[in-house]
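Descriptive analysis of the structure
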Amino acid sequence: MALTTIKVKAEVRDELARLAADDLGGVTLGTALEHLLTEHRKAQILAAYARLEAVQTAWTDCQNELDEWDAVAGDGLGGEA
């Protein structure tokens with residue numbers, strides 16, 4: 001795995017270090033950044049679903065398509081995960 005250096009303000013580094021130590025169990029700054037990026041991606045996905053759900057016809061179409069895929073999945077779950 002290749003490593004690199006990034007330039008950030010000392011205050012940003014210190015805040016990330018506090019987050020890593022206090023909220024994430026003392027992980028490295030790199031692991032803290034990975035965690036923050038993952039959480040950011042999850043938030044983006046949830047926001048996209050919220051926008052989709054806000055348009056009733058789009059949300060209904062999405063749900064109908066999911067139902068169609070569940071019907072052909074052949075996993076025996078019957079739409080219940």
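To keep things clear, this report deals only with the structure shown in the data block. (Residues numbered from 1 in each chain as written. Predicted model: local features only at pLDDT ≥ 70, side-chain atom pairs only at ≥ 80, totals over all residues. Heavy atoms only, no water.)

1. A few points about the packing of helix α2 (residues 29-54) against helix α3 (residues 56-72)
So the rule is basically this: All axes are obtained by fitting lines to C-alpha atoms, using only the stretch in contact for helices, and the reported angles, taken between N-to-C directions, cover 0 to 180 degrees. Numbering of helices and strands starts at the N terminus; helices are DSSP runs of H or I of at least 4 residues and strands are runs of E of at least 2. Convention used here: angles under 35 degrees read as roughly parallel, angles over 145 as roughly antiparallel, angles from 65 to 115 as roughly perpendicular, and any remaining angle as oblique. Contacts are residue-level and defined by heavy atoms, with any inter-residue pair within 4.5 Å sufficient. Charged residues are taken to be Asp, Glu, Lys and Arg, nonpolar residues to be Ala, Val, Leu, Ile, Met, Phe, Trp, Tyr, Cys and Pro, and polar residues to be all remaining types, Gly included.
The contact between α2 and α3 brings their axes to 5 Å, and the two run at 110 degrees. Judged on the interaxial angle alone, α3 and α2 are roughly perpendicular. Facing Tyr49, Leu52, Glu53 and Ala54 of α2, the residues of α3 in contact are Gln56, Ala58, Trp59 and Cys62. Here the residues of the contact of α2 with α3 are counted per class, giving six nonpolar, one polar and one charged.

2. Here we look at the pattern of salt bridges
We count it as follows: By definition, a salt bridge exists where a carboxyl oxygen of Asp or Glu is found within 4 Å of a side-chain nitrogen of Lys or Arg. Any residue under 20% of the maximum accessible area for its type is buried, any over 50% is exposed, and the rest in between are partly exposed; the area is computed with a 1.4 Å probe on protein chains only.
Evaluated as defined, the whole model comprises two salt bridges. In this structure, the salt-bridge partner of arginine 13 is aspartate 14, at a minimum N-O distance of 2.9 Å. Overall, the relative accessible area of 31% leaves aspartate 14 in the partly exposed class. Here glutamate 39 makes a salt bridge to lysine 42, at a shortest N to O gap of 3.5 Å. Placement of the pair is glutamate 39 and lysine 42 together in helix α2, with a separation of three residues, close to one helical turn. For glutamate 39, a relative accessible area of 36% gives the class partly exposed. Under the relative-accessibility criterion, lysine 42 is labelled partly exposed at 43%.

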